[in-house]
Amino acid sequence: MLHTARTTRISSAPARPPHLPHDCRRALALLLALCLAVCAGACGSAHNTSARTAPSNSASTASGTVSVAMQPYVAEQMVLQRDAPITLSGLIARQDGEVDASAITVTLTGDGTLRAGKATVKDNRFTATLDALPASETPYELTVAYGDQTVFHLNTVYIGDVFVASGQSNMELNYEQYYGTTAEARKNLGSAFSLSDLPELVDDPGIHFIRAAHTTDSADFPVDPVMGGEWKACTGTDAQYLGYLPQLFAQQLREDEPHVPIGIIQTAWGGTPICDHVPDGRIYKNHIAPLRGMHIAGVIWYQGCNDAWQLQNALDYEARFSTLINDYRTVFEDPQMPFLYVQLARWGGAQYTQYVRQAQLDTLTDPNLKNTANLGMTVTIDTDKGTSSVIHPLGKDIIAARMASQWRAIRAHKSIPSGPLAAAARRTGDGTVQLTFQSGTAQGLRAMKPDYSLSASADAVATATSQPVEGFEVADASGEFHKATASIDGSAVTLRCPQVRAISQVRYLWAGEPHSDSLLYNASALPASPFILAVSR
C-alpha cells in the first residue's frame, strides 16, 4: 500500500527531459509515478509483490509534475533517533524541467516545536538534515514540500531511540513465524517446552517496529507485507510479528525511560550465514544499505548458528564479523555506534559452535576493528532454562535484561557489564597454570550453579554453590585434553591436572552444549565466556 498521491500547481519551466538516475527499479518506479500522477493513484514497481515498494507522492497539473519517492521504511508511526541530526532523503523528479533544490523544504512539526531543513539535490536525490530533537511521545508530522505545496506527508512520527535488530533466527524469533501454525510450533518447540512456556508478548504502545521481508529482489528496503505499509505498535496481536528478543529488550529500556519511544527495525533473517550480512552480501544490499545516513541508537545482533556447521566458516567468522561491525558503523555514520551482540547459546546440533563462540569472544579485541568502544557481548551459556536441545531455546528475557544493562552503561558512559573474559594463561613453578582475565571483568570471582529450569529468570539465573568450578580442561603438546581442577585465587583461577605435566592449552566449556553444575561467575552474577587459550611460560 502506497501513500496517496497529491495534486497541485507547480510553476512550469522550459520543457526538457528529466535526468533520471540509472539506479534501475527505483528510477522506474519514479517514472511510473510521474506518468500516473494525473490519476491521483498510488504508484510503484510491480515486479515484487512480496514486499512493499517505495512510497511515491506527486504534485502535478497540466503545467508540470514533481514526484517524490521515499524508502518504504519512511512510513506512518516511524521513530526517528533523538538527540541526533535527522537526515531524510528520497528520489525527486520534475516532469517539465530541472528540480530546484531551493524549493524543497522538509519539516517536522509537533510538541510545540518546528524543525525545518533545506535540501540539496544530486542525481535526482534530495537530502535534508534537520536539527536534533529530544525524545517525545507526542507525535510529530513530517512534511516534504516543493514550493508552497506538499509532496509527501506523514501524520505520525515519534522521536526516541531506534535500534536495528539483525542476525538470524534467534533474533527474528517471533510468535507469528515460528509458533503461529501447528507445524511451525511442533518444529520449534520439540519436546523441550510448550507454548505456555513462551514469554508473554509485550503490550506497550511506546514500542514501534517495522519488519523486513525475506526478499532481496529490490534495491529498496523490503517492508514485510504483514506491516500493512507502516510501522506497528507492539500491542495486542501486532506484538506477534516482532521478535521476542528485540521486544523484551525494548521493554527493559522503556521501564527505565517510559517517556522515550523505542523503534525497532528488524532485519534479522533466519537460517542465514554471516556472509549474507556483510557488504556485498545479498541481505546487506537491501536490508542495511538502504538505511545509509539514518541515525540510530545502536544495533542488537544475534547470529552464528549457520556458520557453525562447517569449520572454515567458523574460522572465518571473526574476520567477517569485525568487517560487518565496521561497515554498519559507517552506514549509520557513527564510528562509536553501540553494537551489542549475543554469543551463541548452548546447542549441540552444529559441530563447530564452540569455534564461533571463540570468534565472537575474540571480536571484542579484534585488531581490524576501527573502534572497540561501545561494543558488548552477552554470554548465554546459562540462559536457556534447560531447553538447549532446540536451536531456539528459551531465555530471551534473560538475554534482553543483560543487553539492556549494557545499553544503560553506554548511555551513562560507564564500563560495559561483562562476565569474566579470559586474557592469559601462564605456567607457574609448581606445574599449575594461572588464568587471568581482562581488566574489570573478574571482580569477585565465584562458583555458581546455573538454573537450567523453566523457572529461571533474569533475576534468578544462578545460585551460589560450594562445589568447585567445572568445565576446565587442559592439554599438553599432544593436544589430548583432560579435566582440570580449578581453584579461585582472588581475581585469578589456578588450574591443576596430574595427568598433564606440561600444560600448553587451556579451554573452558568447549562444547556446543556443555553440561556443568558449577560455572565461573563474577560479583555481578555474570558468567565467564567459554574460551580456548594457549599457555605462555
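Please read these numbers as outputs of a predicted model, since none were measured by experiment.

Caption draft 1: Seen up close, the overall build of the protein. What the protein contains, in helices and strands, is nine helices and 26 strands. Looking at the protein as a whole, 58% of its 537 residues qualify as buried. Carbon and sulfur atoms make up 49% of the accessible area of the protein, which amounts to about 20900 Å² in all.

Caption draft 2: Representation of the confidence of the model for the protein in the model. When pLDDT is averaged across the protein, the result is 90; 88% of the residues are at 70 or more. Segment residues 1-25 is flagged for pLDDT under 50; beyond a separation of four residues in sequence, or across chains, it makes 77 contacts in the model. Long-range and interchain partners of residues 31-49, a stretch whose pLDDT sits below 50, account for 38 contacts in this model, where long-range means more than four residues apart.

Caption draft 3: Representation of the pairing of strand 17 (residues 433-437) in the model. Burial along strand 17 is one-sided: the face carrying Val 433, Leu 435 and Phe 437 is buried and the face carrying Gln 434 and Thr 436 is not. Inspection of the sheet shows strand 16 (residues 422-427) paired to strand 17 by five bridges, in the antiparallel sense. From the neighbouring strand, Ala 425 faces strand 17, where its bridge partner is Leu 435.

Caption draft 4: Fine view of the nonpolar core. By size, the foremost hydrophobic cluster in this structure holds 148 residues, and its most contacted members are Trp 301, Phe 339, Phe 472 and Val 506. At 10 residues, the largest contribution of residues to this core is made by strand 9 (residues 149-167). Excluding its chain neighbours within four sequence positions, the residues that come into contact with Val 506 are Ala 425, Val 433, Phe 472, Glu 473, Val 474, Leu 495, Phe 531, Ile 532, Leu 533 and Val 535.

Caption draft 5: Just the sheet that holds strand 18 (residues 446-450), in detail. Read from one edge of the open sheet, three strands run 19-18-25, paired in antiparallel fashion. Bordering the open sheet on either side are strand 19 (462-464) and strand 25 (519-521), each of which pairs with just one other strand. Sheet twist, expressed as the average angle between the axes of neighbouring strands with direction ignored, equals 50°. Relative to strand 25, strand 18 runs antiparallel, the two being bridged by three bridges. The residue bridging Met 448 from the neighbouring strand is Leu 519, located in strand 25.

Caption draft 6: Spotlight on the sheet that holds strand 24 (residues 505-508). Across the sheet, which stays open at both edges, the eight strands sit in the order 21-20-24-26-16-17-23-22 with mixed pairing between neighbours. For this open sheet the edge positions go to strand 21 (481-483) and strand 22 (485-489), each flanked by a neighbour on one side alone. Across the sheet, the axes of successive neighbouring strands diverge by a mean angle of 30°, strand direction being ignored.

Caption draft 7: Representation of the side chain of Gln 247 in the model. Within the fold, Gln 247 resides in helix 5 (residues 244-256). Classification of Gln 247 by relative accessible area gives buried; the value is 0%. Within the structure, Gln 247 has its side chain in polar contact with the backbone nitrogen of Val 202 (distance 2.8 Å).

Caption draft 8: Just unusual backbone geometry, in detail. In the Ramachandran plot, Asn 124 falls in the positive-phi region, its phi being about 65° despite a non-glycine side chain. If you trace the backbone, Asn 124 turns up in the loop between strand 6 (113-122) and strand 7 (125-130). One non-glycine residue with positive phi stands out, namely Leu 509, at about 50°. Mapped onto the elements, Leu 509 comes out in the loop between strand 24 and strand 25.

Caption draft 9: Looking closely at a nonpolar patch on the surface. Together, Leu 311, Leu 315 and Tyr 355 make up an exposed nonpolar region whose accessible area comes to about 250 Å². You can see Tyr 355 is positioned in helix 8 (residues 353-363).

Caption draft 10: Region of the structure containing the pairing of strand 16. Where strand 16 folds back onto strand 17 in an antiparallel hairpin, the turn is made up of five residues, including Gly 431, whose phi is positive at roughly 90°. Two strands pair when backbone bridges link them, and strand 16 and strand 26 (residues 531-536) are joined in this way by two bridges, in the parallel orientation. If you follow Arg 426 over to strand 26, its bridge partner there is Ser 536.

Caption draft 11: Inspection of helix 7 (residues 311-331) at higher detail. With 21 residues, helix 7 ought to run about 30 Å at 1.5 Å a step, and its terminal C-alpha atoms sit 30 Å apart, in line with that. Its axis deflected by about 45° at Tyr 317, helix 7 carries its strongest bend there. Where helix 7 is concerned, the buried positions are Ala 314, Tyr 317, Phe 321, Ser 322, Leu 324, Ile 325, Asn 326, Asp 327, Tyr 328, Arg 329 and Val 331. Of the surrounding secondary structure, the elements contacted by the buried residues of helix 7 are strand 9, helix 6 (282-288), strand 13 (298-302), strand 14 (339-342), helix 8 and strand 15 (375-378). The first or second residue beyond helix 7 is Glu 333, which carries a positive phi of 55°.

What counts, and where the lines are drawn
- Residues numbered from 1 in each chain as written.
- Predicted model: local features only at pLDDT ≥ 70, side-chain atom pairs only at ≥ 80, totals over all residues.
- Heavy atoms only, no water.
- Helix = DSSP H or I, 4+ residues; strand = E, 2+ residues; numbered from the N terminus.
- Buried < 20%, exposed > 50% of the residue type's maximum accessible area, 1.4 Å probe, protein only.
- Areas by Shrake-Rupley, 256 points an atom, 1.4 Å probe, with all protein chains shown as cover.
- pLDDT = per-residue confidence, 0-100.
- Contact = heavy atoms within 4.5 Å.
- Pairing = 2+ DSSP bridges.
- Core = buried A, V, L, I, M, F, W, Y, C linked by side-chain atoms within 4.5 Å.
- Axes fitted to C-alpha atoms, helices over the stretch in contact; angles between N-to-C directions.
- Polar contact = N/O pair within 3.5 Å; in protein donor to acceptor, adjacent residues only side chain to side chain.
- Patch = residues over 30% accessible without salt bridge, like charges linked within 9 Å, V, L, I, M, F, W, Y side chains within 5 Å.
- Salt bridge = Lys/Arg side-chain N within 4 Å of Asp/Glu carboxyl O.
- Expected span 1.5 Å × (residues − 1).
- Bend = angle between axes of the 7 residues up to and from the residue.

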